[in-house]
Amino acid sequence: MEKSLFEVKSLTLENYLRETLSHNRNELDKASELFSKTLNSGNTVFFCGNGGSASESSHLATELVGRFKENRVSLPSISLNSDTTAITCIANDFGYDEIFARQLQGLSRENDLVVVLSTSGKSRNIVRVLEQASKSSVNSIALLGKGGGEAAKLADVSVVVPGNETARIQEVHLLIGHTLCELAEDFLGF
C-alpha cells in the first residue's frame, strides 16, 4: 500500500526528531537540568526568536506563566518578542540587532536563563542577545538548526537539529520546548 503524503511528511519529522536525539543527548539533558533549576531557584526564563520562532517563543513563555499540563502557581517567564512597543523603540533608537539584547540587559538578573530559537543561528539579534547574556551572567540555551551558526558557539547549551528544512526544525524546537516545560513541572513537583 502506497503511503499518503501526510505519512511521508510525518516520517520526515520522525527522522528529524530521531537524529536530533541521537546527536544531542547530552545537550538535551544539560538543557533540561538548567531549565528546571532556573525555575526552581525563582529565576526567570526568557525566550526569543524571529518569525515562526518568535511565535514559538511566545507560546513557550505562556506555558510557564499560564500552565502546561496542570493548574499550578505561575512560573516567571517572559517572551522578548511580545512587547511591540519595546521592540519598535529599540529597533528605531539602537537598531534591529539590539531588540532582544537591550531588553535582556534591562529585565534580567544573574542566573536567569534565556532560551533562543533560531533555525540558522545566524541572525544578528540572536547573536547579540547571547553576547548580552554572557555579560549579564544570564545562562543560555540555543535551539538551532542548519549547523547552528555563530549562536552555537555562544550559548551555554546548544541543541542543533540536523537538517535544513525550516518547518521540520521549528517543529522539533517546539517539541523540545514542550518537553523542557513538562520536565520542569515534574522537577518542581507539580
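Bear in mind that the values here come from a model prediction, so they are computed numbers and not experimental data. Numbering of residues begins from 1 in every chain and follows the order in which that chain's sequence is written. Reporting in this predicted model follows two pLDDT cut-offs: at least 70 for local features of residues, and 80 or more for side-chain atom pairs to be given and counted; totals over whole chains, interfaces and linings ignore these cut-offs and use all residues. Excluding hydrogens and water, the side-chain values take into account all heavy atoms of the structure.

## Quick notes on the overall build of the protein
At step 1: Elements are defined by DSSP. Helices are runs of H or I of four residues or more, strands are runs of E of two residues or more, and each kind is numbered from the N terminus. Looking only at helices and strands, the protein has seven helices and five strands in total.
At step 2: Ordered by position in the sequence, the α and β elements of the protein form the string α-β-α-β-α-α-β-α-β-α-β-α.
At step 3: Each residue is placed in one exposure class: buried if its accessible area under a 1.4 Å probe, protein chains only, is under 20% of its type's maximum, exposed if it is over 50%, and partly exposed if it falls in between. Residue burial in the protein is summarised as follows: out of 190 residues, 45% are buried.
At step 4: Using a 1.4 Å probe, the Shrake-Rupley method yields the accessible areas, and only the shown protein chains count as cover for residues. Taken as a whole, the protein presents about 9,400 Å² of accessible surface, with 50% of it coming from carbon and sulfur.
At step 5: Positive charge is attributed to Lys and Arg, negative charge to Asp and Glu, and no charge count is given to His or to the chain ends. For charged residues, the charge sits on one atom: NZ in Lys, CZ in Arg, CG in Asp, CD in Glu. For the protein, the distance from the average site of its 18 positive side-chain charges to the average site of its 24 negative ones is 3 Å.

## Focus on the pairing of strand β5 (residues 157–161)
At step 1: Most of β5 sits inside the fold, with five of its five residues counted as buried.
At step 2: On β5, burial covers both faces: Val 157, Val 159 and Val 161 on one face and Ser 158 and Val 160 on the other are all buried.

## Remarks on the nonpolar core
At step 1: Within the largest apolar cluster, 25 residues are counted, with the highest numbers of intra-cluster contacts made by Phe 35, Val 45, Phe 47, Leu 64, Val 115 and Ile 141.
At step 2: Secondary structure elements with two or more residues in this core: α1 (5–40), β1 (45–49), α2 (52–65), β3 (113–117), β4 (139–145), β5 and α7 (166–187).
At step 3: Looking at this core, the element that brings in the most residues is α7, giving six residues.
At step 4: Contacts are assigned to residue pairs with any non-hydrogen atoms lying within 4.5 Å of each other. Setting aside anything within four residues of it in sequence, one finds Val 45 in contact with Phe 35, Thr 38, Leu 39, Leu 64, Pro 76, Ser 77, Ile 78, Leu 113 and Val 115.
At step 5: Counting residues in each nonpolar core, the second largest holds 21 residues, with Ile 87, Val 138, Ala 142 and Ala 151 among its members. In these notes, a set of buried Ala, Val, Leu, Ile, Met, Phe, Trp, Tyr and Cys residues joined through side-chain atoms within 4.5 Å is what counts as a nonpolar core.

## Considering the environment of Leu 17
At step 1: Secondary-structure assignment places Leu 17 in helix α1.
At step 2: Along the backbone, Leu 17 and Arg 168 are 151 residues apart, and their C-alpha atoms lie at a distance of 8.8 Å.
At step 3: The contacts of Leu 17, once residues within four sequence positions are left out, are Val 172 and Leu 175.

## Considering the side chain of Glu 185
At step 1: One can find Glu 185 in helix α7.
At step 2: Among the residues examined, Glu 185 registers a relative accessible area of 3% and is labelled buried.

## A short note on the environment of Glu 70
At step 1: Within the secondary structure, Glu 70 is located in the loop between α2 and β2 (77–79).
At step 2: Overall, the relative accessible area of 46% leaves Glu 70 in the partly exposed class.
At step 3: Placed 85 residues apart in sequence, Glu 70 and Ala 155 show a C-alpha to C-alpha distance of 30 Å.

## Digging into the sheet that holds β2
At step 1: Two strands qualify as a pair provided DSSP detects at least 2 bridges between them. Taken in spatial order, the five strands line up as β2-β1-β3-β4-β5 in an open sheet, and their pairing is parallel. Because the sheet does not close on itself, it has two edges, and the strands there are β2 and β5. On average, each strand axis in the sheet is tilted by 15° relative to the strand beside it, whichever way the strands run.
At step 2: Sheet topology note: the β3/β4 ladder contains five bridges and is parallel. Of the residues in β4, the one forming a bridge with Leu 113 is Asn 139.
At step 3: Note on definitions: angles span 0 to 180 degrees between N-to-C directions of axes, and those axes are lines fitted to C-alpha atoms, for helices only across the stretch in contact. Across the face of the sheet, helix α5 (residues 124–135) comes into contact with β1, β3 and β4 while running at roughly 165° to β3.
At step 4: Sitting on the sheet, α7 is in contact with β3, β4 and β5, with an inclination near 145° to β4.

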